[in-house]
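In case you want the letters, here they are:
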Amino acid sequence: MKPIETNKPNLNGIDEEAERREILKRYRKLMRIAKPYLKEGDAGLIKRAFKMAAEAHKDMRRKSGEPYIFHPLAVAQICVEEMGLGATSIAAALLHDVVEDTDITLEEIEREFGSKIARIIDGLTKITDVEDSVTSSQAENFKKVILTLAEDVRVILIKIADRLHNMRTLESMAKHKQLKIASETIYIYAPLAHRLGLYSIKSELEDLYLRYTSPSVYNEIVEKIEQTKASRDKFIRDFIRPIRKALKEEGYKFEIKGRMKSVFSIYQKMQKQKIPFEQVYDLFAIRIILDDVPPQQEKAACWKVYSIVTDFYLPNPDRLRDWISTPRANGYESLHTTVMSRTGQWVEVQIRTRRMDDIAERGYAAHWRYKESGVQVKKGGKQSLETGLEMWLNRVRELLEKNGTGAIEFIDDFRSNFFSDEIYVFTPKGDLKVLPQGATALDFAFEIHTDIGKTCIGAKVNNKLVSINYELKNGDQVEILTSAKQKPSIDWLSFVKTSKAKHKIKEALREEKRAFMKLGREMANKKLQQWGVPCNDRTYEQMRAFFNEKTVADLFYDIGSGELPITELKRFKEILETKGARKGQVQQMPVKKENKDGVEQPEPPKKKQPSDSILIGDDYMHVPYTLAKCCNPIPGDEIFGFATANEGIKIHRTTCPNATELLSKHGNRVIKATWASVAEESFLVGLYIKGTDRVGIVNDVSKVISNDLKVNMRSIAIDTSDTLFEGTCTVMVANTEALKQLIEKLKAIPGVEEVKRLDY
Ligand code: MN
């Protein structure tokens, strides 16, 4: 993703000499940081790349007004400083926007720097001519990036560095661009960074996403972290003190610190558990990093530290995680325990060596560096870091080879298959299979062989009989049971997780459908011949209309599969006989199942067009729009417009659960939307209320609402159980300010503990 830049030469009297010095200063800084990673000849390569990039971008500026070359320099610095990549990547990072944005061609790059760097640059150069409304250009471009991942992981790493710098400098972009870029980031790039083990980059991307999409939420959390800092620091100091002392006495070299949870993960926790900031109990973790531990002793040393920690604090046995014996699939290694502090608070303690910490923070690249430098870590299990990542990459490659689908489907596939955590399961012979978390026995069957999948009737998991939709767990040993009589059915699609199983089931269903259609046509023809009616398209069309089928193919399918009993065809014959004279006009008869129960769908209520509460586009135009049902915006909410294919412009909140997907896949359809300063209407909002039950509480709640002149109550439903009550009500309000005031008033009612806006 390149930032928007202007090609305007610099005419506003910037001191060019000072700028030149600044560029050189930044280049030297890059070289200084890179130095420890460079081999002979590397410095020359980087210098040549810098010269070419600086020359090519010399008349370009970023949105912020800075010289464009600052961007590639910063991306290169991220590659070396935060990912630990080497000279090839640094050179490629410096050149990453050259082919896309300047006159330099890929051939010139290849001539100057060789095919390896040229391939990487090619992978990083956006496809520009796929802009149409059907496919998404972003999706196409992302697919291209992933395709090159199969060849060279560095393409992805540089792409992530590029994205990180663009997110860090998002401030100078227009609001709707910010939303689009931020959404893409959370949808694809942050999970990808996570999957490659780039933990700190992933956290930073997520935090930046929140900062630009929900600034108020972001600022509120940041403020609260700041406010509680002093007391937290004291707590951490007290907690650490005895551990520090004991570790010193044992002669360990170590670093111990309190690690704050990221803003985004605090936000997620608040959302998921529906709790305020104050109730997030694990705001931080204690991390102990051991230095100078020989590779063979790493595991033993970590467990020794565990033993020291639990001498002081009681551990919670349910919360022990040993990622050292079995590292996570993204390579993460660490020993986690949660212990009870002396003030009765649970505290997570993470124990690891410096090597593990480096890999945890900087991921894939750090791993390769350790591998190159010859550090070998002996592992008992089959799932060492290397095989975990390698297996993942191999599965990505496998999907890429098979995938012939559209770009958007590809991304969905990619996301559901490659960003979820993985489980390791075994065949009866002990062969290891890797499946996404949530995979079922049926996924496993398809993983082994398509025919085994198609005829699967159940499985034995650890010698116990289970059904085909049984969800597998890490370490399960699975034996698949088959029957020649078994056939794939449509409901299988609801519980398989892998794209492989999904594709194969759909394929089998299509085959079956074709077979039924063929059979149905033969059966129908036989009947028609018996009656002496010609078997031609006109007859088929009449029959289709008579049985109220969508297509002739559907008609044959229903006959073939028995859905439409062959005896029913008689009724068509009778009609033909009575109406024979009026050719081509066959009366429709309600025979299809949808109509049997006679339930009439009520007319959807007419949507009231909110008059001119929202202005669309940069020119603040009055254009028709509708408010999205999924997030129900009201004046005061941060919003954006989205041009839909059939329903015109829809207005969503930037915090809408669907926003991320819309923005990242179809960013080109996003339109700026602004609330008009005076909105005359009221807007429907749902509220969630919770508290302790007492006589008259419902009355009090409704009184507060109906006494509020600015609010109109539409409905209220309250449930009580024992001493608690919980309920929802819908109200009409003018804007977020009025809503905020109402929520405050409701919260002030004795017994009411929580009041929240509901998002539909
Ligand atoms: Mn770039």
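Here is what the cut-offs are and how they apply
- Residues numbered from 1 in each chain as written.
- Predicted model: local features only at pLDDT ≥ 70, side-chain atom pairs only at ≥ 80, totals over all residues.
- Heavy atoms only, no water.
- Helix = DSSP H or I, 4+ residues; strand = E, 2+ residues; numbered from the N terminus.
- Buried < 20%, exposed > 50% of the residue type's maximum accessible area, 1.4 Å probe, protein only.
- Contact = heavy atoms within 4.5 Å.
- Areas by Shrake-Rupley, 256 points an atom, 1.4 Å probe, with all protein chains shown as cover.
- Pairing = 2+ DSSP bridges.
- Phe/Tyr/Trp six-rings, centres within 6.5 Å; stacked < 30°, edge-to-face > 60°.
- Donors = N, O, S within 2.8 Å, 3.2 Å for Na, K, Ca; no water.
- Axes fitted to C-alpha atoms, helices over the stretch in contact; angles between N-to-C directions.
- Lys, Arg positive; Asp, Glu negative; His and termini not counted.
- Salt bridge = Lys/Arg side-chain N within 4 Å of Asp/Glu carboxyl O.
- Expected span 1.5 Å × (residues − 1).
- pLDDT = per-residue confidence, 0-100.
- Core = buried A, V, L, I, M, F, W, Y, C linked by side-chain atoms within 4.5 Å.

Peer 1: Hey, could you run me through the overall build of the protein in this one?
Peer 2: If you tally the helices and strands in the protein, you get 28 helices and 23 strands. Out of the 760 residues in the protein, the part that is buried amounts to 48%. Taking all contacts inside the protein whose residues are at least 6 apart in sequence as the whole, residues at least 24 apart take part in 67%. Only carbon and sulfur atoms are counted for the fraction: they give 51% of the accessible area of the protein, which is about 38,300 Å².

Peer 1: Can you walk me through the sheet that holds strand β15 (residues 625-627) in this structure?
Peer 2: Working definition: the strands of a sheet are paired by backbone hydrogen bonds and lie parallel or antiparallel to each other. Within the open sheet, the four strands sit side by side as β15-β17-β16-β18. Their pairing is mixed. Single-partner strands in this sheet number two, and they are β15 and β18 (670-671). Relative to β18, strand β16 (residues 639-643) runs antiparallel, the two sharing two bridges. Directly across from Gly641, in β18, lies its bridge partner Ile671.

Peer 1: Looking at this model, I keep getting lost on the pairing of strand β11 (residues 456-461). Mind explaining?
Peer 2: On a regular strand, one side chain projects to one face of the sheet and the next to the other, so that they alternate. Of the strand pairs in this sheet, β11 and strand β13 (residues 478-482) are connected by five bridges, and their pairing is antiparallel. Looking at β13, one finds that Cys456 is bridged to Thr482. By the bridge criterion, three bridges tie β11 to strand β12 (residues 464-466) in an arrangement that is antiparallel. Looking at the pairing, Val461 lines up with Lys464 of β12. Between β11 and β12, which pair antiparallel and follow one another directly, the connecting turn spans two residues, one of which, Asn462, has a positive phi of 50 degrees.

Peer 1: Help me understand the packing of aromatic side chains in this model?
Peer 2: For any two aromatic rings, the description comes down to two numbers: the centre-to-centre distance and the angle of the planes. Taken as a whole and judged by the stated rule, the model has 13 aromatic pairs. On the basis of an interplanar angle of 10 degrees and a centroid distance of 4.1 Å, the ring pair of Tyr27 and Phe50 is categorised as stacked. Of this pair, Tyr27 sits in helix α1 (residues 16-34) while Phe50 is found in helix α2 (residues 42-56), placing the two residues 23 residues apart along the sequence. Judged by its relative accessible area of 10%, Tyr27 is buried.

Peer 1: Explain the coordination of the manganese ion here, please?
Peer 2: For a metal with four tetrahedral donors the ideal donor-metal-donor angle is 109.5 degrees, while six octahedral donors give ideal angles of 90 or 180 degrees. With distances of 2.1 to 2.5 Å, the protein atoms coordinating the manganese ion are His71 (NE2), His96 (NE2), Asp97 (OD) and Asp162 (OD). Each donor residue of the manganese ion lies on one chain, and together they are spaced H-x24-H-D-x64-D. Of this pair, His96 sits in the loop between α4 (87-94) and α5 (98-101) while Asp162 is found in helix α9 (residues 153-168), placing the two residues 66 residues apart along the sequence. Each member of the pair, His96 as well as Asp162, is classed as buried.

Peer 1: What is the right way to read the sheet that holds β11 from this model?
Peer 2: In spatial order, the strands read β12-β11-β13; together these three strands make up an open sheet with antiparallel pairing. A single partner strand is all that each edge strand has here, and the edge strands are β12 and β13. Between one strand axis and the next, the sheet turns by 30 degrees as a mean value, whatever way the strands run. Sheet strands touched by helix α19 (residues 441-448): β11 and β13. Its angle to β13, the strand with the most contacts, is close to 85 degrees.

Peer 1: Sorry if this is basic, but what is going on with the side chain of Asp443 here?
Peer 2: Topologically, Asp443 is positioned in helix α19. Lys502 provides the closest opposite charge to the buried, salt-bridge-free Asp443, at an N-O distance of 7.6 Å. When sequence neighbours within four positions are dropped, the list of residues in contact with Asp443 reads Phe495, Val496, Lys497, Thr498 and Ala501.

Peer 1: For this particular structure, what's the right way to read helix α12 (residues 215-227)?
Peer 2: Its 13 residues place the ends of α12 18 Å apart at the C-alpha level, agreeing with the 18 Å of an ideal helix rising 1.5 Å per residue. Those residues of α12 that are buried lie in contact with α11 (199-213), α13 (229-249), β3 (254-260) and α14 (263-273).

Peer 1: Honestly, the environment of Leu528 in this entry has me stumped. Any pointers?
Peer 2: Counting through the fold element by element, Leu528 comes out in helix α21 (residues 499-531). Beyond its immediate chain neighbours, meaning those up to four positions away, Leu528 contacts Val533, Cys535, Thr539, Tyr540, Met543 and Phe572.

Peer 1: Sorry if this is basic, but what is going on with α11 here?
Peer 2: Given 3.6 residues to a turn, an α-helix orients residues that are three or four positions apart in the same direction. Between the first and last C-alpha of α11 there are 21 Å, a value that for 15 residues agrees with the 21 Å anticipated at 1.5 Å per step. For α11, a buried count of 11 out of 15 residues is recorded, marking the element as mostly surrounded by other parts of the structure. For α11, the set of buried residues is Ile201, Lys202, Ser203, Leu205, Glu206, Asp207, Leu208, Tyr209, Leu210, Tyr212 and Thr213.

Peer 1: How should I be thinking about the confidence of the model for the protein in this particular structure?
Peer 2: Caution applies to low-pLDDT regions: their predicted coordinates should not be interpreted in detail. Mean pLDDT over the protein stands at 81; residues scoring 70 or higher make up 83%. Below pLDDT 50 for its whole length, residues 580-610 participates in 38 contacts with residues either more than four positions away or in separate chains.

Peer 1: Whenever I open this one, the nonpolar core confuses me. Can you help?
Peer 2: What tends to happen in soluble globular proteins is that the nonpolar side chains get buried as a cluster. Residues Leu95, Ile109, Ile160 and Ile288 are the most contacted members of the largest nonpolar core, which totals 110 residues. Contacts of Ile109, omitting those with residues within four sequence positions, involve Met52, Leu95, Val98, Val99, Ile104, Gly114, Ile117, Ala118 and Ile121. Residues Leu687, Val711, Cys729 and Leu746 belong to the second largest nonpolar core, which totals 28 residues.

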